[in-house]
Amino acid sequence: MQYRTLGRTGVQVSTLALGAMNFGAIGRTSQDEATALVDAALAAGINVIDTADMYSRGESEEMVGRAIAGRRDDIVLATKANMPMGDDRNHQGSSRRWLVTALDDSLRRLGVDHVDLYQIHRWDPVTSDEETLSALTDLQRAGKIRYFGSSTFPAYRIAQAQWAAREHRLSRYVTEQPGYSILQRGIESHVLPVTEEYGLGVLVWSPLASGWLSGAIRADREIATSRSGFMPERFDTDVPVNRAKLDAVEQLAKVAEQAGLTLIQLALGFVTAHPAVTSAIIGPRTMDHLHSQLAAADTVLTADVLDAIDAIVAPGLDLAPAEKHDTPPALLDPSLRRR
């Protein structure tokens, strides 16, 4: 396992991080299975576990808490807030009112007195940066969080939040967690240059592109029903953008084979090769998934392999632009761009 410094914090983290989104109802993972995954990940040298309050409505946090009991101090523990956690309209977002409550709820579910990294899951357009940063700074000073970061923020919002922290003399976001894979490279043109400018640690999610780069989705194989049942439109190969992804996967598989690598090793080695990336978050549902991804822990891609990838999916290109999660709200909601 390789380790890197998380931004400018001085904290050393593994280049692969264990994502716990599949713990619980989402991945149909039991407590015993989740604990076994945590045990194996820690034994392999992973020291970062990332979850969120909204994963299976808190169940993931509860399972992580039980799995790490007795060894919490050996783990860089990260969670997130902002997504809806009930029907009440104020049980979401990035207001002080909600974040104070949401963090206490997360700490209770995790069974800990603090988290190392508390992340705002998405940018909240109706809450000011000063409001959110002020609340996070107070929670940090209270000892409930060590650091805080953003997740899937547009580049201009990352820069704006850094300015707001300085303007109001508040603590700042020290990490960003964007989606990034060979098939979705858009952040190379906007987000990553900004994170490098401000010295942010970067923990990327979906490095296997929701399974497209796992080796399970190939031109000669039928996509499993369990996979197509989750956002089926993203796996329907009759959709042109998905056909483009499949064509890219076939070409990438040849590159991997010629390099003596699995497609997973190619995919994870690619994202961790970028100098702005600190760690890639893997989200195994089974022990087989975990072992296949751990095989990429020490993968270093050569320049010719990286050049071959660039020839298949150009730098800065998203093959599926509609699947981005950092699109400005006004581009999605007509009422925000019309009078």
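Residues numbered from 1 in each chain as written. Predicted model: local features only at pLDDT ≥ 70, side-chain atom pairs only at ≥ 80, totals over all residues. Heavy atoms only, no water.

*Asks:* Any chance you could explain the packing of aromatic side chains here in plain terms?
*Replies:* Any aromatic ring pair is given by two values, namely how distant the centres are and how the planes are angled relative to each other. In total, this model carries five aromatic pairs according to the counting rule given. Note on tryptophan 123 and tyrosine 156: the rings are 6.2 Å apart at their centroids and 75° apart in plane angle, and the pair reads as edge-to-face. A residue pair is termed long-range when its members are at least 10 positions apart, and tryptophan 123 in the loop between strand 6 (115–120) and helix 4 (129–141) and tyrosine 156 in helix 5 (residues 155–167) qualify at 33 residues. Accessibility expressed as a relative area gives 18% for tryptophan 123, which makes it buried. For the pair tryptophan 212 and phenylalanine 235, a centre-to-centre distance of 5.9 Å together with 5° between the ring planes defines the contact as stacked. Here phenylalanine 235 lies in the loop between helix 7 (225–228) and helix 8 (240–259) and tryptophan 212 lies in the loop between strand 9 (201–204) and helix 7, a separation of 23 residues in the sequence. (Phe/Tyr/Trp six-rings, centres within 6.5 Å; stacked < 30°, edge-to-face > 60°. Helix = DSSP H or I, 4+ residues; strand = E, 2+ residues; numbered from the N terminus. Buried < 20%, exposed > 50% of the residue type's maximum accessible area, 1.4 Å probe, protein only.)

*Asks:* Which parts of the structure should I look at to understand helix 11 (residues 303–312)?
*Replies:* Quick reminder: α-helices carry 3.6 residues per turn. Residues three or four places apart thus point the same way. If you check which residues of helix 11 are buried, you get Val305, Ile309 and Ile312. For helix 11, the arc enclosing every buried residue in end-on projection is 60°, short of the 170-degree limit, so these residues lie on one face. The exposed set on the far side of helix 11, more than 90 degrees from its buried face, consists of Ala303, Asp304 and Ala311. Lining the buried residues of helix 11 we find helix 8 and helix 9 (263–273). (Arc of directions from axis to C-beta. Contact = heavy atoms within 4.5 Å.)

*Asks:* Where do I start with unusual backbone geometry in this structure?
*Replies:* Residues other than glycine seldom take positive phi values, yet serine 206 does so here, at roughly 55°. Its location among the elements puts serine 206 in the loop between strand 9 and helix 7. One non-glycine residue, alanine 209, lies in positive phi territory at about 55°. Turning to its location among the elements, alanine 209 is positioned in the loop between strand 9 and helix 7.

*Asks:* Any chance you could explain the environment of threonine 101 here in plain terms?
*Replies:* Inspection of the secondary structure assignment puts threonine 101 in helix 3 (residues 96–110). For threonine 101, a relative accessible area of 36% corresponds to the partly exposed category. Taking the C-alpha atoms as reference, threonine 101 lies 38 Å from glycine 269; in sequence the two are 168 residues apart. At 3.4 Å, the side chain of threonine 101 and the backbone oxygen of arginine 97 are in polar contact. (Polar contact = N/O pair within 3.5 Å; in protein donor to acceptor, adjacent residues only side chain to side chain.)

*Asks:* Help me out: how do you make sense of the environment of alanine 320 in this one?
*Replies:* For alanine 320, the location among the structural elements is in the loop between helix 11 and helix 12 (329–332). Beyond its immediate chain neighbours, meaning those up to four positions away, alanine 320 contacts Leu183, Gln184 and Val241.

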